[in-house]
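So the chains spell out like this:
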Amino acid sequence: MTTPTPKRALNFGAASFVCGLVFGLGLVVAGMTDPRKVLGFLDLAGAWDPSLAFVLGGAVGFSAVAFRGVLRQARPWFSEVFRLPARTDIDSALVIGAVLFGVGWGLVGYCPGPAIVSLAWGNAEAWVLVPAMLAGAALQWWHARRRLPAQTSVRGDRESLASTES
Amino acid sequence: MLAAHPWWAALGGGILIGVAASLLLAANGRIAGVSGIAGGLVNGWWQSDPAGQQARRELPWRALFLVGLIAGGGLGAWLIGAPVVERPGASVGLLALAGVLVGYGTALGGGCTSGHGVCGLARLSRRSIVATAIFLGTALVTTYVARHVLGLAL
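Residues numbered from 1 in each chain as written. Chains lettered and ligands numbered in written order. Predicted model: local features only at pLDDT ≥ 70, side-chain atom pairs only at ≥ 80, totals over all residues. Heavy atoms only, no water.

What about the interface of chain A and chain B?
1) Next: Contact residues are listed per partner, giving 108 residues for chain A and 112 residues for chain B.
2) Next: Considering only the side of chain A, the residues that lose the most area to chain B are F23(A), F67(A) and L107(A), jointly responsible for 8% of the buried surface there.
3) Next: There are four salt bridges connecting chain A and chain B.
4) Next: Between E125(A) and R87(B) there is a salt bridge, with its nearest N and O atoms 2.8 Å apart.
5) Next: Where chain A meets chain B, there are 20 residue pairs in polar contact (both at pLDDT 80 or more).
6) Next: Those elements giving two or more residues to the side of chain A that touches chain B turn out to be α1 (6–29), α2 (35–42), α3 (51–70), α4 (92–108), α5 (112–117), α6 (124–147) and α7 (155–160) of chain A.
7) Next: The greatest single-element share of the side of chain A that touches chain B, amounting to 17 residues, is contributed by α1(A).
8) Next: Tallied by class, residues from the side of chain A that touches chain B come to 70 nonpolar, 26 polar and twelve charged. (Contact = heavy atoms within 4.5 Å. Buried area = accessible area lost by both parts, 1.4 Å probe. Salt bridge = Lys/Arg side-chain N within 4 Å of Asp/Glu carboxyl O. Polar contact = N/O pair within 3.5 Å; in protein donor to acceptor, adjacent residues only side chain to side chain. Helix = DSSP H or I, 4+ residues; strand = E, 2+ residues; numbered from the N terminus. Nonpolar A, V, L, I, M, F, W, Y, C, P; charged D, E, K, R; others polar.)

Written as structure tokens, this is what we have:
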């Protein structure tokens, strides 16, 4: 196991920023930061806008190929292990969570990424939506913690602990 | 604003998203799931168990990613213009409700359109395929009801 160095930590941080930058730029270029365009896709009964399908197609298409190559690496460039979700079971939390998210998304056309990105130009709707989103996430963590006091972490974090190191 | 926003801009933007996600995985070994990154930033402060300690270690890179995300938005707005969205139907109450549903739902379900919809599908994750199908289908029904049954101007 290689020792983490300050240089690697710097690279790790820089890569995080750069990836966020490219991601945010991609969302704007794709038009996904305009909730009306998103709803234009989700509204099958209206003047249908296929854009979101092209966005997902491009993103998943590229990633599907690139991920295969990346995961053949022994380890990431600036980190010890790949932190990938390891669960494969379909549980009620996944289903209910997806339904709740779908309702929220379908109502106003924002998912987390575009909402946060649109803070860059002071989108008035995002000023309400983003805090509400963060509050919702905090509420879910709090609920989970109350039900299972021994497991105090957010579901997503528990998943991300599984690694592919060998 | 890109005039009429052509399909190739949507595709190009999607590829940029794919590049970002692939780069994050290659460089840092992390999944570019915005709900997990943002949620972890909110929830990573008050957990004392080992999982919580790991969440706290993830805070710096997650913060940098989110700053980058917003910076990327600024860059995009500077390059091609930002949408000015004014919708009579998007009341504060509705936005707040939608926000809470998105925040809670993505935390409960373990991902959103980037985490499940892009990264999960790219990895052929069974959980992500199911989650994506469900939230996409639910969203389609919700938009229909909101616009055509409730008549909301969104």
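Picking up where we left off.
Description of the packing of aromatic side chains
1) Next: Enumeration over the complete set of coordinates arrives at eight aromatic pairs over all chains.
2) Next: Each ring, one from F23(A) and one from F65(B), has its centre 6.0 Å from the other, and the planes form 65°; the classification is edge-to-face. Residue F23(A) is located in helix α1, and its partner F65(B) is located in helix α3 (residues 50–80); the two belong to separate chains. With respect to class, F23(A) is no different from F65(B); both count as buried.
3) Next: For the ring pair F41(A) and W48(A), a centre distance of 5.6 Å and an interplane angle of 40° mean the geometry is tilted.
4) Next: The partly exposed category is assigned to W48(A), whose relative accessible area is 43%.
5) Next: A connected cluster of aromatic rings, assembled from ring pairs, spans F23(A), W61(B) and F65(B). (Phe/Tyr/Trp six-rings, centres within 6.5 Å; stacked < 30°, edge-to-face > 60°. Buried < 20%, exposed > 50% of the residue type's maximum accessible area, 1.4 Å probe, protein only.)

Some words on the nonpolar core
1) Next: Of all hydrophobic cores here, the largest spans 68 residues; its most connected members are F23(A), W105(A), V108(A), I116(A), L129(A), F65(B) and L69(B).
2) Next: Per element, the largest residue contribution to this core is eight residues, and it comes from α1(A).
3) Next: If sequence neighbours within four positions are ignored, W105(A) has contacts with V38(A), L39(A), L42(A), L52(A), Y110(A), C111(A), V102(B), T113(B), F135(B), L136(B) and A139(B). (Core = buried A, V, L, I, M, F, W, Y, C linked by side-chain atoms within 4.5 Å.)

Some words on the layout of surface pockets
Over the atoms a probe the size of a water molecule is rolled, and this reveals where empty space is left.
1) Next: In this structure, the second largest pocket occupies an estimated 440 Å³ of space.
2) Next: Listing elements by their share of the lining of the second largest pocket, those giving two or more residues are α1 of chain A together with α3 of chain B.
3) Next: Looking at which element gives the most residues to the lining of the second largest pocket, the answer is α3(B), with six residues.
4) Next: Here the lining of the second largest pocket is composed, by residue class, of nine nonpolar, four polar and six charged. (1 Å grid on protein atoms, 1.4 Å probe; cavity = no way out; pocket = protein on both sides within 12 Å on 5 of 7 lines; lining within 4 Å. Points joined across faces, edges and corners; volume = space filled by probe spheres on them.)

What to know about the confidence of the model for chain A
1) Next: Scored by pLDDT, chain A has a mean of 89; 87% of the residues are at 70 or more.
2) Next: Confidence drops under pLDDT 50 across residues 151–166 of chain A; counting only partners more than four residues distant or on other chains, this segment forms 48 contacts. (pLDDT = per-residue confidence, 0-100.)

With respect to empty space enclosed by the protein
1) Next: Under the defined criterion, the tally for this structure stands at one cavity of 30 Å³ or more.
2) Next: Estimates place the volume of the largest cavity at around 190 Å³.
3) Next: Looking at the lining of the largest cavity, the elements that each hand over two or more residues are α1, α3 and α5 of chain A together with α5 (113–122) of chain B.
4) Next: A per-element tally of the lining of the largest cavity places α3(A) first, with four residues.

Quick word on the pattern of salt bridges
1) Next: Using the criterion set out here, one finds ten salt bridges over all chains in the structure.
2) Next: Notably, a salt bridge pairs E58(B) with R83(A), separated by 3.9 Å at the nearest N-O pair. With E58(B) in helix α3 and R83(A) in the loop between α3 and α4, this pair bridges two chains. Accessibility classification places E58(B) together with R83(A) in one group, the buried group.
3) Next: Members of the salt-bridge network, linked through shared partners, are R87(A), D89(A), D91(A) and R127(B).

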